[in-house]
Amino acid sequence: MKGFGTKRRGRVLLGSALALAVAATGIYIATASADEIGAGGVRLEAESYAAHSGARTENTADAGGGRNVGWLADGDWLRYDGITIGGADLTARIAAQNPAGGSIELHLGSPTGELLATFPVKATGGWQRWTTVTAKARSVPAGKQTLVAVMKSAQAADFVNINYFTLGTGATRPPATATVAPPTTAAPTSATPTASTSAAPPQAGWVPVDQAAWQRELDAFNAIKQLPVPAGTTRVAEFHTDCSVANEAPDDPIVFPGLAGASHQHTFFGPAVTAATRPADLFAQKTNCNAPGDNSAYWVPQLLRNGQPVKIKSFRVYYGSRLADPSVTVPFPPGLVMVHGDAKRQVATPKGASGQFWCAGSAETGRSADGNWPVCAPGGNLIFQLVFQDCWDGKHIDSPDHRSHMGPMQGGKCAGQYPVAVPNLSFMVNYDSLGGDGLALSSGMASSMHGDFMNAWKPENLGPLVRVCLTAKAKCGTQPTFTGG
């Protein structure tokens, strides 16, 4: 578990209304820029990363203002794309309060790529006491590079803040803007997509939906006739798919696309997945999910006991609706991806806490020695249920944090900046385990449980399931036929 302690309390004093709102929601705002600093040099702002692991941004007290990157601990990293390094003399502007210190390694291409340089990190006397440290590049590669700053420390606690780097005379990076808060354009008020009226490029990390493709899917969906619901049908908006394990790997093509080995270990269900997998790739792959037309990929962090993988007993995804009026639900747009849960959340989960693993098929008879895991009576098994958001912004199939294009319902409806109702996913992960001591997730404590979804449903299969089952508030199985009981 990371130690935040003094660091977090000290940072609240710096917060503007924006910073406090960001801290409360987990949404960060980062502005990327490359500022000239004289003599042909360029300053690379730390918050201009294209991807990251473990970073958060905040208002800085350093000269010049702006924002710095913080909450950085051993193993966290920041990736910058399109960097041209102009010389071997490098600097990093840092602040640190953790006496353990450490270093910041600059690697080429990936977190495990060729080591370019190492900046030493020592305590500076406070999280906003800034100093400049220097390093020499081992070589100066020509052309544009992918540069990854990797945090190294002997302790697990946060140990360094970074404001900016300078990367030698003539270092350049195209200015860009990245924001995790949804763009400020008006949200659509219905599920009918509208063409963009602006030629401006999308903001970094926000992936627009293919409006033409989604409109075709909506047209086909709206043409599907609702079936009469016979007596005895269970009136719950629901259908499901059952999948088995496809592969396990330290990859995450949503969070770390193209970076093989950059993630903690995941268990993948449905088609086999690599770091390079994109939604369109899944349609050509074999899947072990039993709902016809479901080529979607699902994954969760691997569960371990004393460092060894715990076998999956079963994996089911329920598709449903929690809305007061499920008839407004429409299928997922093509290419939608989303993440739910927080791999960085490392807090205790004693009995009664939210985000619990629990016992299925038998009673809980106790807790692990640390209190975070239940002990199940014989005949049952350990289980986790992960429930995703079911309202969509209607405009983006991905966002910089892979969450901000999705949101919660309000008063039983999808409204505001998330006006489009889509099926609600619920992962039911059953483990061949009775719980107890020695358990951990590959992402850390039980509280770090999370899940990823990459949509690859064939529209001709998903549409009837949504129309016949969800919009009629009727229970189905893996196909659009009603069930009772």
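Bear in mind the structure is a predicted one, so any value in this text is a computation, not a measurement.

Q: Is there a simple way to think about the packing of helix α3 (residues 211-222) against helix α5 (residues 459-470) in this case?
A: When two helices pack together, their arrangement is given by the angle between the helix axes and the distance between those axes. Two elements in contact, α3 and α5, have axes whose closest approach is 9 Å; the angle formed by their N-to-C orientations is 50°. One way to sum up the angle between α3 and α5 is to call them oblique. For the crossing formed where α3 meets α5, the hand is right-handed. In this structure, α3 uses Glu-217, Phe-221 and Asn-222 to contact α5, whose residues at the interface are Pro-459, Gly-463, Val-466 and Arg-467.

Q: Would you mind showing me how to read the pairing of strand β9 (residues 102-108) here?
A: Counting buried positions along β9 gives six out of seven residues, so the element sits mostly inside the fold. Where β9 folds back on strand β10 (residues 114-121), the antiparallel hairpin that results is connected by five residues, among which Gly-109 adopts a positive phi of roughly 90°. Examined bridge by bridge, β9 and strand β12 (residues 144-152) share six bridges and lie antiparallel to one another. Counterpart to Leu-108 in the pairing with β12 is Leu-147.

Q: When you look at the sheet that holds strand β21 (residues 308-309) in this model, what are you seeing that I'm missing?
A: Two orientations exist for strands paired in a sheet by backbone hydrogen bonds: parallel and antiparallel. Across the sheet, which stays open at both edges, the three strands sit in the order β21-β20-β33 with antiparallel pairing between neighbours. Both edges of this open sheet fall to β21 and β33 (439-441), since each of them pairs with a single strand only. Here strand β20 (residues 303-305) runs beside β21; their pairing, made up of two bridges, is antiparallel. Residue pairing across strands places Leu-304 opposite Pro-309, the latter belonging to β21.

Q: Is there a simple way to explain α3 in this structure?
A: Each full turn of the α-helix corresponds to 3.6 residues, which orients residues three or four apart in the same direction. Helix length check: α3 (twelve residues) gives 16 Å between terminal C-alpha atoms against 16 Å at 1.5 Å per residue, within 8%. Among the residues of α3, those classed as buried are Ala-213, Trp-214, Leu-218 and Phe-221. Across the axial projection of α3, the buried residues extend over an arc of 135°, all falling on one side. For α3, the N-terminal capping position is held by Asp-210, with its side-chain oxygen 3.2 Å away from the main-chain nitrogen of Ala-212.

How each quantity is defined
Residues numbered from 1 in each chain as written. Predicted model: local features only at pLDDT ≥ 70, side-chain atom pairs only at ≥ 80, totals over all residues. Heavy atoms only, no water. Axes fitted to C-alpha atoms, helices over the stretch in contact; angles between N-to-C directions. Helix = DSSP H or I, 4+ residues; strand = E, 2+ residues; numbered from the N terminus. Parallel < 35°, antiparallel > 145°, perpendicular 65-115°, else oblique. Left-handed = near helix turned anticlockwise from the far one by under 90°. Contact = heavy atoms within 4.5 Å. Buried < 20%, exposed > 50% of the residue type's maximum accessible area, 1.4 Å probe, protein only. Pairing = 2+ DSSP bridges. Expected span 1.5 Å × (residues − 1). Arc of directions from axis to C-beta. Polar contact = N/O pair within 3.5 Å; in protein donor to acceptor, adjacent residues only side chain to side chain.

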